[in-house]
Amino acid sequence: IVFSGNGPSGICLSYLLSGYTPYFKRHSLHPHPILQRKLEEAPEVSILDQDLEYLSEGLEGRSHSPVALLFDTLQRPDTDFGGTAESVLSWWQEPDRAIPHLVLGRNAPGGAWHSIEGSMVTLSRGEWMGLPDLPFKEWLKQKRRGLRNNRATAEDIAQYYQHYVMKKGLQKNFRCGTVVTSVRKVSAESISNHTQKDLQEDSDSLWNSNEQSTEVFQVDGFFKTVKGDKEPFSIYAEKVVLATGTYDNPTWLGVKGENLSYVHHQLSALEEAVKNNSVGIMSDPVLIVGAGLTAADAILFAHHCNIPVIHVFRRRVTDPGLIFNQLPKMMYPEYHKVHQMMKEQTAACAGPYERYVSLPEHHVLSFGKDKKCIFQDKNGCQKAYKISMALVLTGSNPNLSFLPNNGIDLAMDSDQPVNPKRNPIDVDPFTYECTQEKGLYALGPLAGDNFVRFVQGGALAVASSLLKKANKNPP
């Protein structure tokens, strides 16, 4: 089995396929009485071997995935109500149930968390960032650190995921510094006899004879050596898990001049510009486009460095779909501050915040070579501003260029590109197997699960499905 992606989804699935098995902890009491009754029916049977649809029926919460809600509530029973009830799971290592697998990723274990500015604070509460059987808070205590406002920095998270892989002994399954360039189905006969024989031997030990497939996946890519060379590889696998996340491809506006050198699509460009003094207090304003949390992070960073900002976004400030209107003020004071700036500091009326102008219900028409940017409001009126640099922070899309037709055929709407919020990959909700391609699974944002606390349910579903197919269930 090969996974593409070594972020939280891939790490959690590797843990579950390495023989670590969750059982209902005897004498535990779950606050959900119906779930408690179901768990008491078969405490000697691992959660992986139970009927996940039956267990998750009737659960409600902040995810659309029933299995995500199930695994979350088993690990953090009353967390949404501010409670600190212990997990009702006990973990046993059963090595004979392990399934051989490889986790391929560009970075160290933790995926995109290594690409995020280290001091950035997570949106989710710190304890929601943890993986099974190693609470994040406990790990942080060992570092003699606490959580700021119940939240953690990106650097802490990245280190925790690396520590988790080492602590649980998963590193033998991880191949870092790898880039997957192609995943496609090939007929087993087309593989050379030598490879076929190796595959057959592996298959016999892993799969039921009735699961034998005449087709396998060929995974091609390259491995980056210490010297910077690229060594190609080719792997054959009966099952492939897509867990690549969505950090790879920032969304472009598609307007004239967007490819000019002063227009950027990642927050790191602003940090870099501040470091090398190419923007500062006296420079022309920095344009920030977007009304999500990355745009807010950029505004906070610029505000902290006294850099003037023009902030352009399409929505109304009161739009209920705006993320700021969904966050509790007490828990997210800094994002509440940005939202207040957006409301009070429009170009039409000067407010209390220096060096910041908000242009709600505007969109960018073009970027000029002279660094002049033209905007248009909802009434069609146009304005031009001279800027020092532009940051287009309107979200990102997964890079699925390694799949046939960029994976579009796997999406819910197969006429549109895969998008984690609007058009995820179409998967079975209780196995996370792609409905359009048997043997291919999708996890995390690709399947519409966008928070670390909820991606783990997908890993539970995949592990449960693979164990059943591999006949590694106890009788």
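Residues numbered from 1 in each chain as written. Predicted model: local features only at pLDDT ≥ 70, side-chain atom pairs only at ≥ 80, totals over all residues. Heavy atoms only, no water.

If you check an unreviewed UniProt entry, the protein chain appears there as Oxidative stress-induced growth inhibitor 1 from Climacteris rufus. UniProt's Cofactor (unreviewed entry) comment on the protein chain is quoted here verbatim: "NADPH". Quoted straight from UniProt, the Subcellular location (unreviewed entry) entry for the protein chain says "Midbody". (UniProt positions renumbered as here; feature names shortened; annotations may be inferred.)

**Q** Got a sec to walk through the overall build of the protein chain? Specific residues and values, please.
**A** Scanning the protein chain for helices and strands turns up 11 helices and 22 strands. Counting all 475 residues of the protein chain, 53% fall into the buried class. Relative to all contacts within the protein chain whose residues are 6 or more apart in sequence, the contacts with residues 24 or more apart total 68%. Carbon and sulfur atoms make up 50% of the accessible area of the protein chain, which totals about 22500 Å². (Helix = DSSP H or I, 4+ residues; strand = E, 2+ residues; numbered from the N terminus. Buried < 20%, exposed > 50% of the residue type's maximum accessible area, 1.4 Å probe, protein only. Contact = heavy atoms within 4.5 Å. Areas by Shrake-Rupley, 256 points an atom, 1.4 Å probe, with all protein chains shown as cover.)

**Q** How would you sum up the sheet that holds strand S4 (residues 102-105)? Please name residues and give values.
**A** The five strands are arranged S7-S4-S1-S11-S22 in an open sheet whose pairing can be described as parallel. Each edge of the open sheet is held by one strand with a lone partner, namely strand S7 (174-176) and strand S22 (440-442). For this sheet, the mean inter-axis angle between neighbouring strands, taken without regard to orientation, is 20°. In terms of strand pairing, strand S1 (residues 2-4) meets strand S11 (residues 240-242) through three bridges, oriented parallel. The partner of Ser 4 across the bridge, within S11, is Leu 242. Across the face of the sheet, helix H1 (residues 8-16) comes into contact with S1, S4, S7 and S11 while running at roughly 160° to S1. (Pairing = 2+ DSSP bridges. Axes fitted to C-alpha atoms, helices over the stretch in contact; angles between N-to-C directions.)

**Q** So what's going on with the packing of helix H9 (residues 293-304) against helix H10 (residues 333-344)? Which residues, and what values?
**A** A pair of packed helices can be characterised by two numbers: the angle between their axes and the separation between those axes. With their axes 10 Å apart at the nearest point, H9 and H10 run at an angle of 85° to one another. Relative to H10, H9 is oriented roughly perpendicular. Contact with H9, carried on its side by Leu 293, Ala 296, Asp 297, Ile 299, Leu 300 and His 303, involves Glu 334, Tyr 335, Lys 337, Val 338 and Met 341 of H10 and no other residues of that element. Looking at the contact of H9 with H10 residue by residue, the class counts come to seven nonpolar, one polar and three charged. (Parallel < 35°, antiparallel > 145°, perpendicular 65-115°, else oblique. Nonpolar A, V, L, I, M, F, W, Y, C, P; charged D, E, K, R; others polar.)

**Q** Describe the sheet that holds strand S20 (residues 389-392), listing the residues and the values that go with them.
**A** Hydrogen bonds along the backbone pair up the strands of a sheet, which may run parallel or antiparallel. In spatial order, the strands read S13-S20-S14-S15-S16; together these five strands make up an open sheet with parallel pairing. Each edge of the sheet is formed by a strand with only one pairing partner; in this case those strands are strand S13 (263-264) and strand S16 (356-359). Sheet contacts for helix H8 (residues 268-275): S13, strand S14 (286-289) and S20; angle to S20, the most-contacted strand, approximately 155°.

**Q** Any details on H10? Residues and values, ideally.
**A** For H10, with 12 residues, the first-to-last C-alpha span of 16 Å sits near the 16 Å given by 1.5 Å per residue. Among the residues of H10, Glu 334, Tyr 335, Val 338, His 339, Met 341 and Met 342 are the ones counted as buried. In a view along the axis of H10, the buried residues occupy a sector of 155°, so they form one face of it. (Expected span 1.5 Å × (residues − 1). Arc of directions from axis to C-beta.)

**Q** Please provide a residue-by-residue account of the side chain of Asn 173, values included.
**A** Note on placement: Asn 173 falls in the loop between helix H6 (154-167) and S7. At 3.3 Å, the side chain of Asn 173 and the side chain of His 101 are in polar contact. Ignoring anything within four residues of it in the chain, the contact list for Asn 173 reads Ser 14, Ser 18, His 101, Leu 102 and Val 103. (Polar contact = N/O pair within 3.5 Å; in protein donor to acceptor, adjacent residues only side chain to side chain.)

**Q** Could you give an account of the pattern of salt bridges, with specific residues and numbers?
**A** Enumeration over the complete set of coordinates arrives at 11 salt bridges. Salt-bridge contacts for Arg 76 lead to Asp 72; the nearest nitrogen and oxygen are separated by 3.2 Å. A single burial state applies to Arg 76 and to Asp 72, both of which are buried. Salt-bridge contacts for Lys 386 lead to Asp 284; the nearest nitrogen and oxygen are separated by 3.9 Å. Placement of the pair is Lys 386 in strand S19 (residues 382-386) and Asp 284 in the loop between H8 and S14, with a sequence separation of 102 residues. Judged by relative accessible area, which is 41%, Lys 386 ranks as partly exposed. The exposure class assigned to Asp 284 is partly exposed, which follows from its relative accessible area of 34%. Residues participating in the shared-partner salt-bridge network are Asp 49, Glu 94 and Arg 97. (Salt bridge = Lys/Arg side-chain N within 4 Å of Asp/Glu carboxyl O.)

**Q** Provide a residue-level description of the pairing of S4, including the pertinent values.
**A** In this sheet, S4 lies alongside S1 in parallel orientation, the contact comprising three bridges. Note that in S4 the partner of Val 2 across the bridge is Leu 102.

**Q** Describe the nonpolar core, with residues and values.
**A** Core analysis: the largest hydrophobic core is formed by 81 residues, its most contacted members being Leu 13, Val 219, Leu 242 and Ile 425. With nine residues, the top contributor of residues to this core is helix H11 (residues 452-469). The residues touching Val 219, leaving out its near neighbours within four places in the chain, are Val 2, Leu 104, Val 180, Ser 182, Val 183, Phe 233, Ser 234, Ile 235 and Val 240. (Core = buried A, V, L, I, M, F, W, Y, C linked by side-chain atoms within 4.5 Å.)

**Q** Provide a residue-level description of the packing of H1 against H11, including the pertinent values.
**A** Contact pair H1 / H11: the axes reach a minimum separation of 8 Å and the direction vectors enclose 40°. Put simply, H1 runs oblique to H11. With respect to the hand of their crossing, H1 and H11 are arranged in right-handed fashion. Note on element contacts: H11 touches H1 through Val 452, Val 455, Gln 456, Ala 459, Leu 460, Val 462 and Ala 463, opposite Pro 8, Ser 9, Cys 12, Leu 13 and Leu 16. Looking at the contact of H1 with H11, its residues break down into 10 nonpolar, two polar and no charged. (Left-handed = near helix turned anticlockwise from the far one by under 90°.)

**Q** Provide a residue-level description of the environment of Val 45, including the pertinent values.
**A** Turning to its location among the elements, Val 45 is positioned in the loop between helix H2 (33-41) and helix H3 (52-56). Overall, Val 45 belongs to the partly exposed group, its relative accessible area being 28%. Between the alpha carbons of Val 45 and Phe 24 there is a distance of 8.3 Å; along the sequence they are 21 residues apart.

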